[in-house]
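# Coordinate analysis (summary)
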Amino acid sequence: METQRKSSGEDGGGERGLLHAWRGYSCSVTPERLLLPRPILQVALGARHAVLLVEGGQVYSVGALPWKQKASETTDPTLEGALSGQRVLTVAAGSFHCGAVTEDGGVHMWGDNGAGQCGLSGLSSVPNPTPVALMEPECGSAQVVSVLELACGERHTLALSLQREVWAWGGGCQLGLNGAAASSVWRPRKVEQLAGRRVLQVACGASHSLALVRCLGPGDAQRPPVDKCSHCNQLLYTMTDKEDHVIISDGHCCPLGVEPTEDDPPAPALKASPSEPVLPSHLSSTSEPPGVTSSDSAHTQDSGSLANGGEELSSAVSRAKSSPYPDERAVKEYLRRLSDNTQADAKTAAGGRHALLPSAGLASSTLNNLASCASAVGERVASTYEALSFKKMMNFYLPSRPPSSEGAAEVGDLTAERVRLEDSVQTKKSCSTGDIHEEEAEGLRRRLSLPGLLSQVSPRLLRRAAHSRMRAVALTPLGGAVPETKELLPSLQTEVWSWGRGEHGQLGHGDCSDQPQPLCIKSLNNKEVVRVVAGAQHSLALTAQCQVFSWGRNNCGQLGHMETPSTVPRLAKMSEGIRVWDASAGERHSLLLADGDCIQPIIYYSGQQVKDGEEDEEEGVAQEGEGDERQAGGYTQQPVLLPFCMNLGYVSSVSAGGGRCMALSDRNMMGLIASFHELASTERKFYGKLYNIKTQVIRPLLELESLSSALGQASLGVLQTLAGQFGHLCHLTGQHSASLTSNLRRCRGLQGLLILEHHDIFLDSYSDYCSAVGNFQVMGGFQSLAKPLLDVFGKSPELLQRLSECSEENTTAPDLMVALFYLPLRHVQEYGRLLLKLATCYEANSEDYKKLQDSWSKFEALSLQLKRRRKEAEFTFHFWKSFPGKMTDSLRKPQRRLICESSNKALTLQNAGRFSVNWFILFNDALVHAQFSTHHIFPLATLWVEPIPEDDSSLHGLKVITPEETFTLLASSPSEKSKWLRAINQAVDQALSGTEQKSEPPISRTASYTFYKEGRLKEATYEGCWVSGKPHGSGVLKWPDGRIYTGTFKNGLEDGFGEFSAPNKSLNKSDCYQGHWKDGKMHGPGTYRYASGEVYDGSFQDGVRHGHGMLRSGKLNTSSPSVFIGQWLQDKKTGYGVFDDITKGEKFMGMWQDHLRQGTGVVVTQFGLYYEGAFKDNKMAGTGVLVSEDDTTYEGDFSDDWTLSGKGVLTMANGDYLEGSFSGEWGSGLKVTGSYFKPHLFDSGKDKTRAVKLGRLCVSAEEKWQAVFQECWSQLGCEAPGRGELLKAWENIAVALTSHRQHIQDSPGLMSLSHSKTLEGLEVVPHHEGPITVERYDDIRTYLLNACDTPLHPLGQLVETLVAVYRMTYVGVGANRRLLPLAVTEIKSYLSRIFQIVRFLFPDVPEEGALIPDSASSFQMKKEPSAADAPLESPRPGLVASSWALLLPVLLPRLYPPLFTLYALEKEKEDDLYWECVLRLNKQPDLALLAFLGVQQKFWPISTSVPEAGDKQLVVSSTKDSCFASAVETLQQISTTFTPTDKLQVIQLTFEEITQVVQSLLQQDFLWSMDELFPVFLYVVLRARIRNLGSEVSLMEDLMDPSVQHGELGIMFTTLKACYYQIQHEKVT
């Protein structure tokens, strides 16, 4: 392919992805352009070659490619054809091999493979890109791992997987694999030491490796600690508790594992995240990554760095000791050298950075370090073993540090728990973690690791170490505060881990030892490293503050400084204001890409100068000694600016490798590229500013001991919230700048531009921050800081002046602080400006333009809003300065802002006293009415204001409505009136909605309010819906004494459905009511559960029980309570009611008055006694009838329960009777004075007169349950039965169905599918006007069936209640045969009364028994007039208006069980006699029985059909149960039906079955005579074996529809009845 090289100064054709190459840094160097047909996206440099990735995913190689078949050095890029068809996303180059990652996460490698660095076994070199698979060994089959990026070294390769895990292959200890240093690894293996951590980036030097890792958050810290060796399962730590100290031993020697040798230092076991705080054992256990290995733990807490003034120092200590413990002299020597270095280096603080902490002496620093080291060990031991003394010691002496995820806990969220923990610390000083510790004086606090753990830790030493810690407050927010967890923004809470060869200190651990496994560089913790870079033998780390830390080989000045030792990270020496944002490192040089004074990036070079003609000698030079090297060519003392960089355009990334340098740049197309660079550059600069304010102003201020006394507790809390918000904003800006920087390196497009996609995060953060600043300003916080600022910054605060960008002279420190804290808010406008600038680079109708325009408008709107909010805060602050002092204390709140006030008499109170002072102040949350010494606060959420119409009096009035007061305000002029009206309405609307919309506040709203005036609601709190100052709608009302009402309100009172509970202190339970309310009182149906255990379920009126209701009471109320059901009047039982008394085993059915039985009534007992008669004052008193189980009857006077007193007649079961005076209690001996009669001795006429007729002294059926029917009528809108409007009744039914249905829809579980279908059927109302035809009559019957099937319909509710009271009356003790007549008349009464309601709803339904014209039959009658002469047929049941036909199908199935039980008890003797005969006669075969019953032989079946075989079977003398079998089966169904009509239809079908059999027998039509039919039917009845036939017959007789009694069905019924009596008296001869 044709390529050209040309000078970079010349104009090329392309505009994006231009590549420039050069060597060295001298002025004569001119970069060359490498021209390719497509823009270059990425370049990777090896020792003598380069790999280029172009748009479209194609890969080119250029330079020396010895692994190709035609090995030569190519100056023209060669396309890697093996990758055609694959879309490559990223490439990497090692010294002599290359790698590429494709779109599907696959890896391709090629080049030198001597050590297996291409991941392919058996080949010394790989000429073309070849796939390499990373296989995760799963339980069953291996799984392929997808890869994100690659890094290549000289003899090894690292891959970062999609799961953020590191894989390695090749040769050398730089792989980080266990035991892999000796031999090559040909297949990719996972680096287990980093498993469980989230690796963000990897980099490879020639023989060392770097990884950028996200710090572990609190969620990661839950893994159990590893306390046993993974090889031999022995304990890793032992502990001995001595008198005044504890000996902790980590001298575990594994017999199975590999022992570390002198040259091979041990791998760290139990590696915790170094940035994690050390917690006392009772707070949490330190997290452990999975896959840790056990070995000598001398370097478990490894790291060594001591820092001050931004320069890191550490003294290397030999790690070659085989003993796990240092001797005492070694420890002392090590500590002495540490402290010497600390003090020496403290004097040379770089860049004049503001050191926050005083330099501590030897004792304090070393003890701190010892304490930290001991705490790390102690934490593990204490969490592992239940050793009480050590636990106590660690918890007592070491101050607790709360765990942090991405830094320390946010100050704004100082929870009670944290305060409690801090107070528990003996030192009474708060300690926090994260970046609160002064970054530039890190050495005084950082945990140091000695070579081996301390063998003895003295509690006194620990105590002193703990005391020396200083008070600190967190400024970096928790991970949750910034959406880092959502992976939207890059993490700033990072660690750098290194491993491999360390002979030049390139690992950064302060020594030159090799490190076979990854180890954290602790001096870079909390430095916010966002990128790591590895040169051949040196390393670089870029921070979010655009600083560069460098370490490793520095023979050519490649580290950017000339300080020693270079084994720990130090800052490269850059000029002030230069912000580095990309870097790359070659063999003996480094390239830095930075922001300068203008938008266009600049490039710095650091390292060896490469002279012309040196290209071929490069490898030879590499082998020479250091002295020779320095003589061979010049090198830089510190980074130098490359003079040609401004000619390259907008550089987006730099690359270095071998001795070469390359830069990728873009031309500024339509200002687009410049805009992207400006956005990123501005953000990086802004973050630097915020970071400086945080570290140099806020942190020292918060660490001041006297701060709380100067500010007071309230303002201190507000300041801490403000500091937290500032930390949050600073952190977000840092993350955003890192995101924008990576966007510049990557795509330089709108994709992934967070400020566009997720602008709400920024808008919310700035809004919250503005509120926090305003709150502190309103509280007068800045003025209160005058003295603390003097203590920290002295009398001339130049630092504040510089940071706040304030140009005015003689500005006070508090005013400078105001300017400083409001400074970040200016950046919102800057965002808007930059977004608008970007938008102008796009077509006006494009989607991108619209997006940018939309975001710009949002930032612009926020900018204006923040300016207004600042003004509001300043206005409020000045108001408080002039306000009377006492009221200020109670009214001044951080969030409260002044809107307007009436000190200029613009607003006065109507009808106020002549000398009264009324001052109205409108805040954003309340209207305050202040007088001489008092004030009242009206919350805006419950404040309504409306203008009073102007009248002749020319008063400009405003009516103000609050929940408890209504008053009129008079304005001084119409303009003042409209001003206040508008201001109040806007304030109310904002208080309700939380947004600043200028609209009228709604009349109806939701708010909370506590009543303060005397009355029913005093001190009660209401939360819910309001309308014009009154609770209206759903809400909750709570009183201080525990009473709670939850439900609906109307005009301030409880109205509708609601629940109420009131505590009963004596019983320690609550009374609970659930039901309907009206005008603040219980009204309508409801359930009241008393604390005593009683439950009332029924009607209420005006707060008391009134109407029909049921009361369950008694100690056994859960299973079988005493129950009263009946009528109530003004909370008392009055009217008809039934009382089931379980204590006496009695049931009373009768009249009540004032809770007492009064009037007529019936009592039945569980022993079969029956009484009916008069009651007075709850006793049987007056005339009555008492019948015992054996039919002994007394009729006469009573004086008390079961006590006879006065005249009466006692009739025996055999008919004898006593007549006279009786006294005494029934059953315990009676005194009798009177005559004894034996009726059969005399004329039999008297016998008849003595039969006592029961039911005369009872309550009549019509008088029973009047309250139940009255409730139904009132629901239909009728005052009395039948008195009301028909239309209103149907409306009420519709409302009842709708409201109940809505109530059920709110809780869907209440309604079944069939129920909802029933409701749908009721939505169609049948025509209730016009003539009734059979069809309409059927429609009405269907409607009534549906209506009575749901309790939501008034009729259904009526039926449900009637069923309940009926069962209550006649079940249990009420199952007494003497109650049968009462039970039957009660049902008949129900029918007539319900039929009255039906006829009210359907006025055209004719009266009981009237004919309903059939439209078809009437038409027929007109056609055939002769039909009148035909014999009269009995009318069909469907053609007669009948309450029985309409309503019995609804009622009887529900009432059947108790009713049939009474029939069975009444007919017990007859049924027993009948059943005996049935059993006896059924022993005979068919023919014998037919003959015995006198059935004529012509009706005897000759054969019967067998259903199974399908043929006929002859009837022989032994045949049984075969004749008339179908008729027998039909008749048996009589027991499965409920209504008499259904039972009659069964009898009719039976007759038809008999007739069919006989007709088939006689082969002709046939008419029965009764003499022929009766014996046959008697046979069928006998064979049907119906057990309670007498009960069935009686039920049908009592409840048969009168319209069918005299027709064909009536005759059939009479036949059945005759059969029953015939069977009882049948004699077998």
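Keep in mind that what you see is a predicted model, and the values were worked out from it rather than measured.

## Concerning the environment of A861
Mapped onto the fold, A861 is located in helix α18 (residues 847-882). For the pair formed by A861 and G832, sequence separation is 29 residues and the distance between their alpha carbons is 9.3 Å.

## Quick word on the pairing of strand β15 (residues 156-161)
Taking burial as the measure, the 6 residues of β15 include 6 buried ones, the bulk of the element. Burial along β15 is two-sided: the residues H156, L158 and L160 and T157, A159 and S161 are all buried. Pairing of strand β14 (residues 147-152) with β15 involves 5 bridges; the strand directions are antiparallel. Each residue of the ladder has a partner; that of V147, found in β15, is S161. Here β14 hands over to β15 after 3 residues, the two strands then running antiparallel side by side. Where β15 lies against strand β16 (residues 166-170), 5 bridges are found, and the strand directions are antiparallel. Pairing of A159 across the sheet is with W167, part of β16.

## Quick look at the sheet that holds strand β34 (residues 640-641)
With respect to topology, 4 strands assemble into an open sheet ordered β31-β32-β33-β34, the strand pairing being antiparallel. Strand pairing shows two members of the sheet lacking a second neighbour, β31 (579-585) and β34, which therefore form its edges. In this sheet, strand β33 (residues 602-607) lies alongside strand β32 (residues 589-595) in antiparallel orientation, the contact comprising 6 bridges. Looking across to β33, one finds that L592 is bridged to Y604. Each of β31 and β32 is contacted by helix α8 (residues 672-702), which is oriented at about 105 degrees to β31, the strand it contacts most.

## Remarks on the packing of α8 against helix α14 (residues 786-793)
For any two helices packed against each other, the geometry is given by the interaxial angle and the distance between the axes. Packing of α8 against α14 leaves a shortest axis separation of 10 Å and a crossing angle of 115 degrees. If you check the angle between α8 and α14, you find them roughly perpendicular. Crossing handedness for the pair α8 and α14: right-handed. The residues of α14 that touch α8, namely those facing Q696, V697, P700 and L701, are P788, L789, V792 and F793.

## Notes on helix α17 (residues 826-839)
Spanning 14 residues, α17 covers 21 Å between terminal C-alpha atoms, matching the ideal 20 Å at 1.5 Å per step. Taken together, the buried positions of α17 are H827, V828, Y831, G832, L834, L835, L838 and A839.

## Some remarks on the sheet that holds strand β26 (residues 515-520)
The 4 strands are arranged β18-β19-β25-β26 in an open sheet whose pairing can be described as antiparallel. Looking at the sheet topology across the chains shown, the edges are occupied by β18 (198-204) and β26. Strand-to-strand twist in this sheet, taken as the mean axis angle between neighbours without regard to direction, amounts to 20 degrees. Relative to β26, strand β25 (residues 494-500) is paired through 3 bridges, and the arrangement is antiparallel. Considered in β26, the bridge of G500 is made with Q515.

## Concerning the side chain of E1054
Inspection of the secondary structure puts E1054 in strand β49 (residues 1053-1064). For E1054, the side chain forms a polar contact with the side chain of R1016, separated by 3.0 Å. Among residues more than four places away in sequence, those in contact with E1054 are R1016, L1037, W1039, Y1045, T1048, F1049, W1077, K1078, D1079, G1080 and K1081.

Calculation rules
- Within each chain, residue numbers correspond to sequence positions counted from 1 in written order.
- The model is predicted, so local features are restricted to residues of pLDDT at least 70 and side-chain atom pairs to those at 80 or more, both for listing and for counting; the totals for chains, interfaces and linings are taken over all residues.
- Excluded from the side-chain calculation are hydrogens and water; included are all heavy atoms of the structure.
- Under the DSSP-based scheme used, a helix requires at least four consecutive residues in state H or I and a strand at least two consecutive residues in state E, with every element numbered from the N terminus.
- For every residue, the accessible area obtained with a 1.4 Å probe (protein chains only) is divided by the maximum for its type, and the residue is called buried under 20%, exposed over 50%, and partly exposed between those limits.
- The pairing criterion for strands is at least two bridges between them, as found by DSSP.
- Any two residues whose heavy atoms approach within 4.5 Å are treated as being in contact.
- Where helices are involved, their axes are fitted lines through C-alpha atoms of the stretch in contact, as for all axes, and angles between N-to-C directions lie from 0 to 180°.
- Any angle from 65 to 115 degrees is called roughly perpendicular, while one under 35 is roughly parallel, one over 145 is roughly antiparallel, and all others are oblique.
- Left-handed describes a crossing whose near helix is turned anticlockwise from the far helix through less than a right angle; right-handed describes the clockwise counterpart.
- Here the expected span of a helix is defined as 1.5 Å times the quantity of residues minus one.
- Under the rule applied, a polar contact is a pair of N or O atoms within 3.5 Å (in protein, one hydrogen donor and one hydrogen acceptor; residues adjacent in sequence only if both atoms are side-chain atoms).

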